[in-house]
Structures are given as structure tokens and as C-alpha cells.
Amino acid sequence: MAAASSMAATYDVGDTAGWTTIGDINYDEWASSKTFHAGDTLRFVYNRDYHNVLQVTSSNYESCTTTAPLATYWTGNDAIPIMRDDDHLYFICGIPGHCEMGQKVEIQVAAQAPAISPPLATPPPTSTPSATPPPTSTPSATPPPPSKSSASFLSCSLLVGLVGAATYLIFMH
Ligand SMILES: [Cu+2]
């Protein structure tokens, strides 16, 4: 595991022992040996015939109360993403007696590191719709310059004027 420390990590709960009652594993000791950050993933690996994973409240963690889990996992290979910094997550096994035997773990998520910004952030609160209408491809609203037609109009009227003047001159004289 030579991955850069800034990258999101996946932690197998209990390491190679997994999520079990065998071996009297101290999961809090395991957890305290890690530094968890938002973006990391917890993975519970276990035999689903014998165990499951309940995410519970702090008090239900303390009392091993399995009746009101916040979330339940039972695939035997549960990847649970850590969503927030500076958080506490509590997991117990829901099989009767297992939590009391020590199959429980508290995950304390570290406060946000000041320098390293996690690559995957929380989704944007509201994707602000583009209020401003897209700039329409400016249609050729401006008519073609009327220079030609007005010029011919001018010359035409000038011709009429000249004819009129000529007529006037002819008739006056
Ligand atoms: Cu169990």
C-alpha cells in the first residue's frame, strides 16, 4: 500500500481478520491505529451466514441495541463510504450476543485537513439553472445596407427632377 496519503483509502475493518467474533479482536484498537477521512471507505468482510453490520447511534453502540439501526448491511462484503469529516460512525453486529462479545467498532473521522482538499466533494447544493438565456446566434436582423437602392432612388428622383425642370423650362419658354 504505497498510495499517496492524499488519496482516498479503503480500510478493511479488522484487517485480514475481518468482521468476526473469532480471535477476540479489539476493533477500537484497530480503529485507533488508523486515521479516517471523508472520502475513505470502510469495508466489512465477513461470512454473512453468521454476521451482519448495523450502523447505530452512539447510545445504541454503547448498549449493543440492535433494534433501531440507522443502516443495515448484510452482503458479507460491505463497502461503506465515509461521507463527512469530523464525524463519529458506530457499527455493531446485529446477531444476538456478538456486539456484547466485542464485535463493534467506533470510527472517529478526522477533522478536515487544512491543506489537502478532497477531490470528491459534496454534490453542489442546487445546480443553479442557467437563468440567463443562452445567447442566440445573432440572426441577421439588420437589413442589408440600402446604399444601392437609395442611390438608385436618388438618381431616379434626380432624373425625375431634371425632367420636371426641363419640362418646366420648355413650357415656360
Ligand atoms: Cu456477528
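Everything below is about the structure shown above.
First things first, this report covers the structure right here in the doc. Quick caveat: nothing in here was measured; it's all calculated off a predicted structure. Here the residue numbers are simple positions, counted from 1 along each chain's written sequence. Given that the model is predicted, a residue must reach a pLDDT of at least 70 before its local features are reported, and side-chain atom pairs must reach 80 or more before they are shown or counted; all residues, however, enter totals for whole chains, interfaces and linings. Heavy atoms from the whole structure form the basis of all side-chain values; hydrogens and water molecules are not counted.

Any nitrogen, oxygen or sulfur atom within 2.8 Å of a metal ion counts as a donor, with the limit raised to 3.2 Å for Na, K and Ca, and since water is left out, coordination shells can look unfinished. Looking at the metal site, the copper ion is ligated by H51 (ND1), C93 (SG), H98 (ND1) and Q103 (OE1), spaced 2.0 to 2.1 Å from it. Only four donors with every angle between 85 and 135 degrees are called tetrahedral; only four or six donors with opposite donors over 155 degrees apart and all others between 65 and 115 are called square planar or octahedral, in that order; all others are irregular. Between the four donor atoms coordinating the copper ion, the angles at the centre fall across 96 to 135 degrees, so the site counts as tetrahedral. Positions of the donor residues of the copper ion along the chain correspond to the pattern H-x41-C-x4-H-x4-Q. In this pair, C93 is assigned in the loop between β6 (88-92) and β7 (104-108) and Q103 in the loop between β6 and β7, connecting sequence segments 10 residues apart. Each member of the pair, C93 as well as Q103, carries the same accessibility label: buried. A run of H or I in DSSP counts as a helix once it spans at least four residues, and a run of E counts as a strand once it spans at least two, with each numbered from the N terminus. For every residue, the accessible area obtained with a 1.4 Å probe (protein chains only) is divided by the maximum for its type, and the residue is called buried under 20%, exposed over 50%, and partly exposed between those limits.

Turning next to the pairing of strand β5 (residues 77-81). Where a strand is regular, its side chains alternate between the two sheet faces. Here β5 shows a buried face lined by D78 and I80 and an unburied face lined by N77, A79 and P81. Across five bridges, strand β2 (residues 41-45) lies against β5 in antiparallel orientation. Looking across to β5, one finds that R43 is bridged to A79. Between any two strands, at least two bridges found by DSSP are needed for them to pair.

Next up on the list: the sheet that holds strand β4 (residues 71-73). With antiparallel pairing, four strands are arranged side by side in an open sheet as β4-β3-β6-β7. Whereas interior strands pair on both sides, the edge strands pair on one side only; in this sheet they are β4 and β7. The average angle at which neighbouring strand axes cross in this sheet is 20 degrees, direction not considered. Bridging between β6 and β7 involves five bridges; their strand directions are antiparallel. If you follow L89 over to β7, its bridge partner there is I107. The convention used is that axes are lines fitted to C-alpha atoms, helices contributing only their stretch in contact, and that angles between N-to-C directions extend from 0 to 180 degrees.

Functional significance is not addressed by these values, which are geometric in nature.
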